[in-house]
Amino acid sequence: MSAARPEKLNPVLKSVLEIGPLAVFFLAYRFGEDALAQDAFRAPLEALTGPAALASESGPLYVATAAFMVTITVALTASWALTRHLPRMALVTAAVVAVFGGLTLWLQDETFIKMKPTIVNGIFGAILAVGLLQGRSYLKYLMGEAVPLDDDGWMIFTRRWVGFFAFMALLNEAVWRTQTTDFWVAFKTFSGVPLTLVFLASQVPLLQRHMRESEGD
């Protein structure tokens, strides 16, 4: 008896579960000072960071970090409840958020949460790079049914994704190390999706070329 295939989420609900935690992070940072005025929000955070940390300029970022961690957990739980399946990339991202978000609150150091995008992109790029060194495209295993490319196409596409992940990691490092926290939060919230769409749009000629060759064979 074959195993049941995971249920597919409604595209709108899928987008909400993926983008929702990021939106909550931005809103929690934007209204963090107001949240800290409420005992219901402030008391649990004080147990982790202490009152002095919340009174500092980084206080709203600690609120946003805690909200981000909770929202990602809720999103993963909802995804599992609806589909009985969790994407590997989502699990890796959640694990890094848990570790670096926890360190941010525990050590009262915003550096950790700011490095999270760097670490996540670095991990994804490294995983794909390891596959390339083995002569394999891990993207093919993830997307092969949805994108019918030939083997050369998958290898080229994977190399370009490695480059894109490296670019995103370096860009995040440049932004958080040289810009204000306000700018970094806006960058983290609003840059990822547009940059990814631009990257994917630039790959359309490659995908079309290797799809045609695959269909011709």
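Here, every reference points to the structure presented above.
What you see as residue numbers is a count from 1 along each chain, following the sequence as written. In keeping with the predicted nature of the model, local features appear solely for residues at pLDDT of at least 70, side-chain atom pairs appear and are counted solely at 80 or more, and the whole-chain, interface and lining totals rest on all residues. Side-chain descriptors were evaluated using all non-hydrogen atoms of the structure, hydrogens and water having been removed beforehand.

Asks: Hey, could you run me through the layout of surface pockets in this one?
Replies: Taking a probe equal in size to a water molecule and rolling it over the atoms shows the remaining empty space. Space inside the second largest pocket adds up to approximately 180 Å³. Of the two site types, the cavity is a set of points on a 1 Å grid over the protein atoms alone where a 1.4 Å probe fits but cannot get out, and the pocket is an open set with protein on both sides within 12 Å along at least five of seven lines, each lined by residues with an atom within 4 Å of a point. Considering the residues around the second largest pocket, the lining is formed by Ala28, Phe31, Gly32, Ala35, Ala40, Phe41, Pro44, Leu45, Leu48, Val63, Ala66 and Ala67. The set of elements that each furnish at least two residues to the lining of the second largest pocket consists of α2 (32-36), α3 (39-49) and α5 (59-83). Partitioning the lining of the second largest pocket into residue classes produces 11 nonpolar, 1 polar and no charged. Grid points are joined across faces, edges and corners, and a volume is the space filled by probe spheres set on the points. A run of H or I in DSSP becomes a helix once it reaches four residues, and a run of E becomes a strand once it reaches two; helices and strands are each numbered from the N terminus. Residue classes follow a fixed rule: Ala, Val, Leu, Ile, Met, Phe, Trp, Tyr, Cys and Pro count as nonpolar, while Asp, Glu, Lys and Arg count as charged, and any other residue, Gly among them, counts as polar.

Asks: Sorry, what's going on with the environment of tryptophan 154 here?
Replies: Topologically, tryptophan 154 is positioned in helix α9 (residues 151-178). When the C-alpha positions of tryptophan 154 and serine 15 are compared, they lie 26 Å apart, and in sequence the two are 139 residues distant.

Asks: Hey, could you run me through the nonpolar core in this one?
Replies: If you look at soluble globular proteins, the nonpolar side chains tend to sit buried side by side. Among the nonpolar cores identified, the biggest contains 25 residues, and Phe25, Leu45, Leu61, Val63, Ile72, Trp184 and Val185 are the most heavily contacted of them. Elements represented by at least two residues in this core include exactly α1 (11-30), α2, α4 (51-55), α5, α6 (88-107), α9 and α10 (181-190). The element that contributes the greatest number of residues to this core is α5, accounting for 8 residues. Setting aside its immediate chain neighbours within four residues, tryptophan 184 contacts Phe25, Leu61, Ile113, Lys114, Pro117, Asn172, Val175 and Trp176. Ranked by size, the runner-up nonpolar core spans 17 residues in total, among them Val96, Leu139, Leu149 and Leu207. In plain words, nonpolar cores are sets of buried Ala, Val, Leu, Ile, Met, Phe, Trp, Tyr and Cys residues tied together by side-chain atoms within 4.5 Å. The classification of residues rests on relative accessible area computed with a 1.4 Å probe and restricted to protein chains. Under 20% of the type maximum is buried, over 50% is exposed, and intermediate values are partly exposed. Note on contacts: a residue pair is in contact if any heavy atoms of the two residues lie within 4.5 Å.

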